[in-house]
Amino acid sequence: MTQRVAVYAGSFDPIHNGHLDLIMRSRTMFDRVHIAVLHNEEKQPLFTVDERIEMIQGVVADYPDCEVNGFSGLLVDFVRNVGGHAIVRGLRALTDFEFEFQMALMNRRLNPSVETVFMMPKDDLTYVSSRLIKEVCSLGGDLKGLMPVPIYERLIERIGEKLEA
Ligand code: PNS
């Protein structure tokens, strides 16, 4: 039987519980979930792609249906290379919609056989983003419950290093 394969792509700098919630929802709909970390140095990430891959691998270690890889180039090409059928994207608020809508339609134009599936994270995670998490962490705010503890510890460590540099 053909396996249903999803690709959940993003920057994941760093992964947080909103991402994890989407991964868990994807696992209920697809046989395999590829988590694809974009190589994009323009965004000046806090963690390297290799670090982000390793961090996500730690978080999904108990789920053999999940695989984590880096990618560059077009997302639809990555999806084709892993035999994927769908791109999963999270929608947190109306503000996400316009950009996500444009991306979904452009990806459809690039490869009409790949469908984009939008999912909403658990309602108490809808305001969580990696950008806000980094900002709150650098200002000493409480992030309990918003990210896995090992990721939080890495974040504290990296932000500390940055502040000392
Ligand atoms: O977590 P992000 O930064 O919102 O993820 C954006 C991502 C990685 C999904 C998007 O930038 C992407 O797909 N980049 C790959 C290049 C590409 O395919 N561009 C055309 C998209 S229509």
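Scroll up a little and you will see the structure.
## Looking at unusual backbone geometry
The step from Asp13 to Pro14 runs through a cis peptide bond, and the omega angle for that step is 0°. Mapped onto the fold, Pro14 is located in the loop between β1 (5-10) and α1 (17-29). The backbone of Phe12 sits at a positive phi, close to 50°, despite the residue not being glycine. Looking at the element boundaries, Phe12 is found in the loop between β1 and α1. Residue Phe12 is classed as buried on the basis of its relative accessible area of 3%.

## Quick look at the site of the ligand
Lining the immediate environment of the ligand, one finds Gly10, Ser11, Leu38, Lys43, Phe71, Gly73, Leu74, Leu75, Arg89, Met103, Met106 and Asn107. Ser11 has a polar side-chain atom sitting 2.6 Å from an oxygen atom of the ligand. At 3.0 Å, a side-chain N or O of Arg89 approaches an oxygen atom of the ligand. Looking at the shell around the ligand residue by residue, the classes come out as six nonpolar, four polar and two charged.

Criteria and cut-off values
Residues numbered from 1 in each chain as written. Predicted model: local features only at pLDDT ≥ 70, side-chain atom pairs only at ≥ 80, totals over all residues. Heavy atoms only, no water. Helix = DSSP H or I, 4+ residues; strand = E, 2+ residues; numbered from the N terminus. Buried < 20%, exposed > 50% of the residue type's maximum accessible area, 1.4 Å probe, protein only. Near = heavy atom within 4 Å. Polar contact = N/O pair within 3.5 Å; in protein donor to acceptor, adjacent residues only side chain to side chain. Nonpolar A, V, L, I, M, F, W, Y, C, P; charged D, E, K, R; others polar.

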